[in-house]
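Below, each chain spelled out in residue letters.
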Amino acid sequence: MSDFLIGIGKRLKDIRKKNNLTINDLASKAHVSNGLVSRIENGRTIPSLPVLLELIQSLDIDASYFFEGVEKKSNAKFIYVPKENQQVIEKEVEAEGFKYMHIFSKSLHSLGFEAVLLTLEPNSKRDKVITDAWEFKYILKGKVKYIIDNEEIELEEGDSLYFNGKLPHVPVSISEENCIMLVLYFYSDKS
């Protein structure tokens, strides 16, 4: 089941873009918020069944067609993702100065996994967010302050951080240069 859940957001985004719809277009047609569509597409939340069916209907496609493209289990011994298959993704519509490069995602057994490179520009800003994942951050370059719930942690090159994404959190740039970090999201069937 987790294979379907992890692939839903990617499939939704692919079909939306293929139909030349913006996040706002789809959200309006489905009577949901832009933020919810963005969070679903980028793996930050899993939609309820009624919301998912409303989104699929708003794309003017059959549910069977939608699920044909959702990734299924594979018995492969390894997974290779060439650089040209990596893509820039929009995680938060309201964020400024946040650039996410999606480099890998896969669901194996009951664990879903996603890896991105986040470039945080100086003076970037966004509100706190929550995810349905455990998050691991490794600072490759620069300095950042992470606010998790109401606690603050300063990180610099070589530091790492691991936390429950269900706690409201946001990184805040504290350097004059871009901060680049490897971000790993771990999703589980067991909440």
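Residues numbered from 1 in each chain as written. Predicted model: local features only at pLDDT ≥ 70, side-chain atom pairs only at ≥ 80, totals over all residues. Heavy atoms only, no water.

- Naming follows an unreviewed UniProt entry, where the protein chain appears as DNA-binding protein of Chryseobacterium piscium.

## So, the pattern of salt bridges
For step 1, the next point in the chain: Across all of its chains, the model carries five salt bridges by this definition.
For step 2, the next point in the chain: Close ionic contact of K137 with E135 constitutes a salt bridge, the shortest N to O distance being 2.6 Å. (Salt bridge = Lys/Arg side-chain N within 4 Å of Asp/Glu carboxyl O.)

## Some points on the sheet that holds strand β6 (residues 151–156)
As a general point, the strands of a sheet are linked pairwise by backbone hydrogen bonds and lie either parallel or antiparallel.
For step 1, the next point in the chain: Pairing in this open sheet of three strands is antiparallel, and the strands run β6-β5-β8 from one edge to the other. Strands with a single pairing partner mark the edges of an open sheet, and in this sheet they are β6 and β8 (169–173). Within this sheet the neighbouring strands show an average axis-to-axis angle of 25 degrees, counted without direction.
For step 2, the next point in the chain: Here six bridges tie strand β5 (residues 143–148) to β6, and the two strands are oriented antiparallel to one another. When the sheet's bridge partners are listed, Y146 is paired in β6 with I153. (Pairing = 2+ DSSP bridges. Helix = DSSP H or I, 4+ residues; strand = E, 2+ residues; numbered from the N terminus. Axes fitted to C-alpha atoms, helices over the stretch in contact; angles between N-to-C directions.)

## Section: the packing of aromatic side chains
In this description, an aromatic ring pair is defined by two values, namely the gap between the centres and the angle between the planes.
For step 1, the next point in the chain: Under the defined criterion, the tally for this structure stands at three aromatic pairs.
For step 2, the next point in the chain: With a centroid separation of 5.5 Å and 20 degrees between ring planes, the pair formed by W134 and Y162 is classed as stacked. Note that W134 is positioned in strand β4 (residues 134–141) and Y162 in strand β7 (residues 160–164), a separation of 28 residues in sequence.
For step 3, the next point in the chain: Classification of W134 by relative accessible area gives partly exposed; the value is 40%.
For step 4, the next point in the chain: Under the relative-accessibility criterion, Y162 is labelled partly exposed at 49%.
For step 5, the next point in the chain: Summarising the aromatic geometry, the rings of Y146 and F163 are spaced 5.8 Å apart at their centres and angled 50 degrees between planes, so their arrangement reads as tilted. With Y146 in strand β5 and F163 in strand β7, the pair connects residues that are 17 residues apart, well separated along the chain. (Phe/Tyr/Trp six-rings, centres within 6.5 Å; stacked < 30°, edge-to-face > 60°. Buried < 20%, exposed > 50% of the residue type's maximum accessible area, 1.4 Å probe, protein only.)

## Notes on the pairing of β7
For step 1, the next point in the chain: Taking every second residue as pointing to the same face, the buried face of β7 carries L161 and F163, while none of S160, Y162 and N164 on the other face is buried.
For step 2, the next point in the chain: The pairing of β4 with β7 spans five bridges and is classified as antiparallel. Residue pairing for β7: W134 is matched across the bridge by N164.

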